[in-house]
Amino acid sequence: MTPIWKTPLLKKRVPIYAPHAGMRARALMRRIMPVLCAAWLSACGAGSDTQSGLSQPYGSAAIAPAAPAPIVKMMRIDKDAYPSPPPRSDKTRIIGLLLPLSDERDTIRALAGHLYNGAQLALFDAPLDISATNLVISLHDTKGTPAGAQDAAKAAIAAGADVIVGPLFSSSVAAIQPVLAGRDVPGFAFSNDASTAMDGLWLLGFLPEQNIDRIVSEAIAQGLTRFGALVPEGVFGERIGASFAASVDRFGGTIVQSETYPPDAKGMFDPVRGLARFDERKAAHEAEMARLVQEALALLPRRTDPETGLDIAPPDEAEAVFKLLGDDAPELLSAYEALSLVETLGDIPYDAVFMPEGGLALRNLAPLLPYFDIDPRRVKFIGTGLWDDPTLSQEPPLHGGWYAAAPNHNWSGFAARYEKTYEAAPPRLASMAYDAVSLAARLAAFATDAPFRKALLTDPNGFTGIDGIFRLKPGGLNERGLTVQEVTRSQSREISRPPASFVDHDRRLQAAMTLATALRQSNPDRALQEAISLNGVLGETSEAGAAEAATPISDQ
């Protein structure tokens, strides 16, 4: 597997033209200024592209369950409606780049500029070979809308694009499906919404399902097989909760308890209280404390008032009772002192708690777990790539928590080159544009008339980019090699390295599935669930068989 990014720097600028966007797009590109990653993440929402969120690298975008892809019919393109492309040689390969250059939101326009820069930097870094194909970027404005994306894709095809990179939003990806359907022009979209993938249109976004698989399989490999979950209300929570349940089941674990919470911080208290079983454990604590006090009272020596000769009543406060007891019952005193240090009694029935959200929601949620006596020193907190946030080091309840994310070994070098070239720090998505164009550039260098054919794109050995190894799968999804990071008080540290290759990746997966089989056989919770399920199936079969036996056979 050859890296697509580690190549010599080009000596001269690679040609870039924008037949559809024209001078307006070029002027806009010059005006776009960098913004912080947090700024463009805050623009995310739901619905159409103008309102819908950006498909984040790791995923608060919609997660679609696997389903047979519908047949998409080819859309006719009237090439006379678009400017004629300039003459091209047989060795020229055109990369159609679809970006929301004129989106109504400042943050999205700025992000489009960073994606453009990342794509351009990939061409600068492409191998310099006298026999190599001449690479050209054809830039097209999606306007941040599905209709704009569809028109931009048509314009790219009319301009002779050999491959499409973009668009950015999931609804835009869905809109260009009929444009690419039936044509030998593959697409690399930035979305992570699996419902928009199709043969010939691959998603490069970090799929939440893979992210969850990685953290769940790592947790189970470390002996954490029983899970609690806190997922947000709404469609996102339902889908990511379903994905988490499927992943835990796949790798042989058990979900003991799952709670949903509303977006407001006050509304999070009751779900966390329920997950902690706080009231039940608080009652058990009070009952045990009362029992210890009764035992202590029984051991207290009888005391009388020297003036009246009457018995002195024992104190009402437990602390006073044990103070009077002194060292007469050291084991009882030790039990009382230990119980006094906690508010609840009883073990938490799970080894790990899954919290998929990041940002403000995670900051509001995480402190409530230790508040309700879910001790992060005994219960592992796990999350998704949305935890890949350096500011979480300032959240003590999350220290020691694990999450899956893209490996960052190549990122620092990319970010330094980007900042040196453009005098701005790149947002995390810029590497995705870089990897997409780098992949197209590498394939274009092959000595073949069809460098972008499916067999080459879906090479099972995959490719290596800024964000680690990845491969394109039939049907339009991708597969990536992820790392597992641990939150610390300084910065996240890697606790499980990413696979070095897809041979390594597949070996790890096979080992995880072997462990899952063993866990299913030994886990009493799983055995009980499967027995109940089997009894239900057998019951239905028996009833069906009895009904069949009672049905007379008609004469033929």
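Quick caveat, the model's predicted, so the values are computed rather than measured.

### Observations concerning the packing of helix α10 (residues 318-325) against helix α11 (residues 330-340)
Reasoning step 1: At a minimum axis separation of 10 Å, α10 and α11 run at an interaxial angle of 155 degrees. One element, α10, and the other, α11, form an angle in the roughly antiparallel class. The crossing of α10 and α11 is left-handed. The residues of α11 that touch α10, namely those facing A318, E319, F322 and L325, are L332, L333 and Y336.
Reasoning step 2: When grouped by side-chain class, the residues that make up the contact of α10 with α11 number six nonpolar, no polar and one charged.

### Some words on the environment of S217
Reasoning step 1: Looking at the secondary structure, you find S217 in helix α6 (residues 208-221).
Reasoning step 2: Exposure remark for S217: the relative accessible area of 17% places this residue in the buried category.
Reasoning step 3: Residues S217 and S247, spaced 30 residues apart in sequence, show a C-alpha to C-alpha distance of 8.1 Å.
Reasoning step 4: Reaching out from S217, the side chain makes a polar contact with the backbone oxygen of R214 at a distance of 3.0 Å.

### What to know about the pattern of salt bridges
Reasoning step 1: The full count for this structure, using the stated rule, is 21 salt bridges.
Reasoning step 2: A salt bridge links D504 to R508; its shortest N-O distance comes to 3.4 Å. Here D504 and its partner R508 are both found in helix α17 (residues 502-522), four residues apart, which amounts to about one turn of the helix.
Reasoning step 3: You can call D504 buried: its relative accessible area is 16%.
Reasoning step 4: Here R508 falls in the partly exposed class, since its relative accessible area comes to 26%.

### Some remarks on the packing of aromatic side chains
To describe a pair of aromatic rings, you give the distance between the ring centres and the angle between the ring planes.
Reasoning step 1: Tallied over the entire structure, the rule returns 13 aromatic pairs.
Reasoning step 2: When the centroid spacing of 4.2 Å and the interplanar angle of 5 degrees are considered together, the rings of F244 and F354 count as stacked. Note that F244 is positioned in helix α7 (residues 235-250) and F354 in strand β9 (residues 352-354), a separation of 110 residues in sequence.
Reasoning step 3: For F354, a relative accessible area of 0% corresponds to the buried category.
Reasoning step 4: Geometrically, the ring pair formed by F463 and F470 is tilted, given 5.9 Å between the ring centres and 40 degrees between the ring planes.
Reasoning step 5: On the accessibility criterion, F470 (2% relative accessible area) is buried.

### Quick look at the sheet that holds strand β11 (residues 402-405)
Reasoning step 1: The sheet built from seven strands is open, its strands ordered β8-β7-β9-β10-β11-β15-β16 with mixed pairing. Each edge of the open sheet is held by one strand with a lone partner, namely β8 (254-261) and β16 (493-496). The mean inter-strand angle of the sheet, taken between neighbouring strand axes irrespective of direction, is 30 degrees.
Reasoning step 2: Alignment of β9 against strand β10 (residues 380-383), held across three bridges, turns out to be parallel. Bridge assignment links F354 to a residue of β10, and that residue is I382.
Reasoning step 3: Its contacts with the sheet put α7 on β7 (226-232), β8 and β9, and the angle it makes with β7 is roughly 165 degrees.

Calculation criteria
Residues numbered from 1 in each chain as written. Predicted model: local features only at pLDDT ≥ 70, side-chain atom pairs only at ≥ 80, totals over all residues. Heavy atoms only, no water. Axes fitted to C-alpha atoms, helices over the stretch in contact; angles between N-to-C directions. Helix = DSSP H or I, 4+ residues; strand = E, 2+ residues; numbered from the N terminus. Parallel < 35°, antiparallel > 145°, perpendicular 65-115°, else oblique. Left-handed = near helix turned anticlockwise from the far one by under 90°. Contact = heavy atoms within 4.5 Å. Nonpolar A, V, L, I, M, F, W, Y, C, P; charged D, E, K, R; others polar. Buried < 20%, exposed > 50% of the residue type's maximum accessible area, 1.4 Å probe, protein only. Polar contact = N/O pair within 3.5 Å; in protein donor to acceptor, adjacent residues only side chain to side chain. Salt bridge = Lys/Arg side-chain N within 4 Å of Asp/Glu carboxyl O. Phe/Tyr/Trp six-rings, centres within 6.5 Å; stacked < 30°, edge-to-face > 60°. Pairing = 2+ DSSP bridges.

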